[in-house]
Amino acid sequence: WDSVSAATIFLNAATTLKAFGKAEDALPLYENTLSIYKENLQEDDLRFGGFYNNYALALTDLGRFQEAEDAYLSALKVVLPQEKGRLDGASTYVNMAYLYEAWKGNSCPEIQKCMEKGLEILDDSRIPQDGYCAFVLSKCAPAYRHFGMDAVADRLFRRSEVLYARH
């Protein structure tokens, strides 16, 4: 039970628990995942990005905001330098905006900064325009609507539909 495959199972189980409102129960599984990943993966492995994002979501649900921010920043350190991870960086920034809303209120400047950084990535012409891009666009668009950027949300949804139709 100390292989990367087992860790991935733990991560999936933890993420499922979190999705069903059991973030506290998920924490030991996240921590076990992190331990195994650290023992078996290079620190720049993109799987760490996914781990830190999901872990931060659970920490946010539990009101452990500083730890959630630290986890998101760890995710960004992994994903942003890598071409294949940049889209995940956009998702991380959107998730961070929700964190700051819960932590500091909906008028804190960090929200706008996160949304701008996420959009910068989503609008980067170097990002492969493929099915995964379509998925990330459709996943991030509701956040732009949530934070009052309706025109941006509409544009992202339209782009995702075009990409889905192509792929």
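Summarised in this report is the structure supplied together with it.

The rules behind each value
- Residues numbered from 1 in each chain as written.
- Predicted model: local features only at pLDDT ≥ 70, side-chain atom pairs only at ≥ 80, totals over all residues.
- Heavy atoms only, no water.
- Helix = DSSP H or I, 4+ residues; strand = E, 2+ residues; numbered from the N terminus.
- Rg over C-alpha atoms; globule rule 2.2 N^0.38 Å.
- Buried < 20%, exposed > 50% of the residue type's maximum accessible area, 1.4 Å probe, protein only.
- Core = buried A, V, L, I, M, F, W, Y, C linked by side-chain atoms within 4.5 Å.
- Contact = heavy atoms within 4.5 Å.
- Polar contact = N/O pair within 3.5 Å; in protein donor to acceptor, adjacent residues only side chain to side chain.
- Expected span 1.5 Å × (residues − 1).
- Salt bridge = Lys/Arg side-chain N within 4 Å of Asp/Glu carboxyl O.
- Phe/Tyr/Trp six-rings, centres within 6.5 Å; stacked < 30°, edge-to-face > 60°.
- Lys NZ or Arg CZ within 6 Å of the ring centre and 35° of its normal.

## Things to note about the overall build of the protein chain
Here is step 1 of the chain: Helix and strand counts for the protein chain stand at eight helices and zero strands.
Here is step 2 of the chain: Relative to its length of 167 residues, the protein chain is compact, with a C-alpha radius of gyration of 16 Å against a globular reference of 15 Å.
Here is step 3 of the chain: The principal-axis extent of the C-alpha atoms belonging to the protein chain is close to 45 × 35 × 30 Å.
Here is step 4 of the chain: Within the protein chain, buried positions represent 44% of all 167 residues.

## With respect to the nonpolar core
Here is step 1 of the chain: Ranked by internal contacts, the top residues of the largest apolar core, which has 59 residues, are Tyr30, Tyr37, Phe51, Met115, Leu122, Tyr144 and Leu156.
Here is step 2 of the chain: When contributions to this core are tallied by element, the ones reaching two or more residues are helix H1 (4–19), helix H2 (23–40), helix H3 (46–61), helix H4 (65–79), helix H5 (86–104), helix H6 (109–122), helix H7 (131–146) and helix H8 (150–166).
Here is step 3 of the chain: The residues touching Tyr144, leaving out its near neighbours within four places in the chain, are Val94, Met115, Gly118, Leu119, Leu122, Met149, Asp150, Val152, Ala153 and Leu156.

## Concerning the side chain of Asn53
Here is step 1 of the chain: Position of Asn53 among the secondary structure elements: in helix H3.
Here is step 2 of the chain: By relative accessible area, which is 10% here, Asn53 ends up buried.
Here is step 3 of the chain: Here Thr92 takes part through its side chain, which lies 2.7 Å from a polar atom of the side chain of Asn53.
Here is step 4 of the chain: If we skip the residues at most four places from it in the chain, Asn53 touches Tyr72, Ala75, Asp88, Thr92 and Asn95.

## Structural notes on H2
Here is step 1 of the chain: When the terminal C-alpha atoms of H2 are compared, their 25 Å separation across 18 residues agrees well with the 26 Å that a helix rising 1.5 Å per residue should span.
Here is step 2 of the chain: For H2, the complete set of buried residues consists of Ala23, Ala26, Leu27, Tyr30, Thr33, Leu34, Ile36 and Tyr37.
Here is step 3 of the chain: Packed against the buried residues of H2 are H1 and H3.

## Regarding the pattern of salt bridges
Here is step 1 of the chain: For the coordinates displayed, the defined rule picks out ten salt bridges.
Here is step 2 of the chain: Two residues, Arg159 and Asp123, come together in a salt bridge whose shortest N-O distance is 3.0 Å. Taken together, the residues Arg159 in helix H8 and Asp123 in the loop between H6 and H7 connect sequence positions 36 residues apart.
Here is step 3 of the chain: A salt bridge links Asp124 to Arg126; the shortest N-O distance between them is 2.7 Å.
Here is step 4 of the chain: Given a relative accessible area of 10%, Asp124 falls into the buried group.
Here is step 5 of the chain: Judged by relative accessible area, which is 65%, Arg126 ranks as exposed.
Here is step 6 of the chain: Among the charged side chains, a salt-bridge network with shared partners connects Arg86, Asp124 and Arg126.

## Notes on the environment of Val152
Here is step 1 of the chain: Tracing the chain through its elements places Val152 in helix H8.
Here is step 2 of the chain: Using a relative accessible area of 14% as the deciding quantity, one classes Val152 as buried.
Here is step 3 of the chain: Not counting chain neighbours up to four residues away, the residues in contact with Val152 comprise Leu119 and Tyr144.

## With respect to the packing of aromatic side chains
Here is step 1 of the chain: Overall, the coordinates contain eleven aromatic pairs when judged by the stated rule.
Here is step 2 of the chain: Consider the rings of Phe51 and Tyr55, whose centres lie 5.3 Å apart with planes at 20°: the pair is stacked. Here the residue Phe51 and the residue Tyr55 both occupy positions in helix H3, the gap between them amounting to four residues, near one helical turn.
Here is step 3 of the chain: Take Tyr55: its relative accessible area is 12%, and that puts it in the buried class.
Here is step 4 of the chain: One aromatic cluster is present, formed by Tyr30, Tyr37, Phe48, Phe51, Tyr52 and Tyr55 through successive ring pairs.
Here is step 5 of the chain: One cation-aromatic arrangement involves Lys104 over Trp103; the distance from NZ or CZ to the ring centre is 4.7 Å.

Read these as layout, nothing more, since geometry by itself doesn't imply function.
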